[in-house]
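Take a look at the letters that make up each chain.
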Amino acid sequence: MFVALIAIASLITVVVVLLYLFFTLDCDVTLFVAEKFGKKPNALKNKVVWITGASSGIGEGLAYILAAAGSKLVLSGTNESNLNQVRRKCLESNPILEDSDVLIVPFNITHCDKHKDKVKEVLQHFKKIDILVNNAGKSQRASFEEIDLEVDKELFDINVFGLINLTRLVAKYWYESNLKGHLVVTSSLTGKVGVPYSATYTASKHALHGYFEAIRLESFCKGICVTLVCPGPVFSAVLQNALKGKKGEVVGGSGHSADSKRMTAQRCGYLMSIAIANKLDEVWVTEHPYLLMLYAMQYFPSITRFILCRFLTKERISKMRDG
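Below, the structure is looked at part by part. Predicted model only: the values in this text are computed from it and were never measured. Residue positions within a chain follow its written sequence, with the count starting from 1. Side-chain atom pairs in this predicted model are given and counted only at pLDDT of 80 or more, local residue features only at pLDDT of at least 70, and totals for whole chains, interfaces and linings cover all residues. Computation of side-chain values: all heavy atoms of the structure, hydrogens and water removed.

### Let's talk about a positive patch on the surface
- A cluster of basic residues, Lys39, Lys47, Lys180 and Lys279, forms a positive patch at the surface.
- Following the sequence through the fold, Lys279 ends up in the loop between helix H9 (265-277) and strand S7 (282-285).
- The class for Lys279 is exposed, based on a relative accessible area of 55%. Each patch is assembled from residues with relative accessible area greater than 30% and no salt bridge, linking like charges that lie within 9 Å and nonpolar side chains (Val, Leu, Ile, Met, Phe, Trp, Tyr) that lie within 5 Å. To be clear on the numbers: accessible area is Shrake-Rupley with a 1.4 Å probe, and residue cover counts the displayed protein chains and nothing else. When a carboxyl oxygen of Asp or Glu lies within 4 Å of a side-chain nitrogen of Lys or Arg, that pair is called a salt bridge. Only four residue types enter the tally: Lys and Arg on the positive side, Asp and Glu on the negative side, with His and both chain ends excluded. A single reference atom marks each charge: NZ on Lys, CZ on Arg, CG on Asp, CD on Glu. Helix and strand assignments come from DSSP, with helices taken as H or I runs of at least 4 residues and strands as E runs of at least 2, each series counted from the N terminus. The cut-offs for exposure are 20% and 50% of the maximum accessible area for each residue type, with area from a 1.4 Å probe on protein chains only; residues under the lower value are buried, those over the upper are exposed, and the others partly exposed.

Structure below.
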């Protein structure tokens, strides 16, 4: 009897410890294990990493982590002034980096006719591309019935078609050169769960999962790795720049309040670098309750949808998402 009681107490202790660990996570369990026991960002030293959407937010945070790790960087975005500031901070973060190790290639991701020239520019400078991080994108806030079709098309041009066109060109370079490469995509928790009042944004992130899951299966035997990163709420300029329902309208405002429940871009960038270094296939980078919601949707989809449909009012989703 005494032995049985000890065994039960030990089991309860283990369960309590595991539950405590789970509810203190800010990423999925696989990424947590990789952070503790896997490769660190310095495994990406001397890798040429091209980051789109690098002028702010997650792209900026990732750039600083990779620069400190010794990666050679290509920073792209539409705000050249911000890109130059990010470049300067990258060089300051690692004195070993030379000026030529961080290249600025500004362009608009929707200008697909410019992509081929941008790829050539990067290859002329570094002679290779090891990793492409597709991070450029915009968010949205609007009720489904209020969204004009022009806004749907605009958001898909930014979040999907421009990104896919650039990916296709880089993938062709790897195939034709018989080189291995790594495609990284900044998706979102909306790529896994439908989020109300952001229907077009949600659809664009779901589209990325469709594209890149197909690319993963097509290109694995050619040595191409795909990592899908699904962040939750992160401190960034995403709210100010988010589209609304009408063409030309943006949310604007002062952005997220300092006490909002969201991850810093630096922490998100670090976890993202761990996922890249360990070539994980899909990772979730977010805190609870969003992480719990992702697990619930993954393993109990019908029950979770039943609960979310009754819980996620417009007021609640606005408070959770935008503080």
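### So, the pattern of salt bridges
- Going through the model one piece at a time under the given rule, you end up with nine salt bridges.
- Note that Glu35 and Arg267 form a salt bridge whose closest N and O atoms lie 3.0 Å from each other. In this pair, Glu35 is assigned in helix H2 (residues 29-37) and Arg267 in helix H9, connecting sequence segments 232 residues apart.
- Put simply, Arg216 and Glu213 hold a salt bridge, and the shortest N to O gap is 3.0 Å. Taken together, the residues Arg216 and Glu213, both in helix H7 (residues 199-219) and three residues apart, mark about one turn of the helix.
- Shared partners join several salt bridges into a network, and the residues in it are Asp26, Glu35 and Arg267.

### What about the packing of aromatic side chains?
- What counts as a ring pair is set by centres within 6.5 Å for rings of Phe, Tyr and Trp (its six-membered ring), and what kind of pair is set by the plane angle: stacked under 30 degrees, edge-to-face over 60, tilted for all other angles. As enumerated under the stated definition, the model contains four aromatic pairs in all.
- Relative to Phe161, the ring of Phe156 has its centre 6.1 Å away and its plane inclined at 45°; by these criteria the two rings are tilted.
- In textbook terms, an aromatic cluster arises when at least three aromatic residues are bridged by ring pairs, as seen for Trp284, Tyr295 and Tyr299.
- Over the aromatic face of Tyr175 sits the side chain of Lys222, whose NZ or CZ is 4.2 Å from the ring centroid.
- Charge-over-ring contacts are defined here by two conditions on Lys NZ or Arg CZ: a distance within 6 Å of the ring centre and an angle within 35 degrees of the ring normal. Over the face of the ring belonging to Phe306 we find Arg310, whose NZ or CZ atom lies 3.7 Å from the ring centre.

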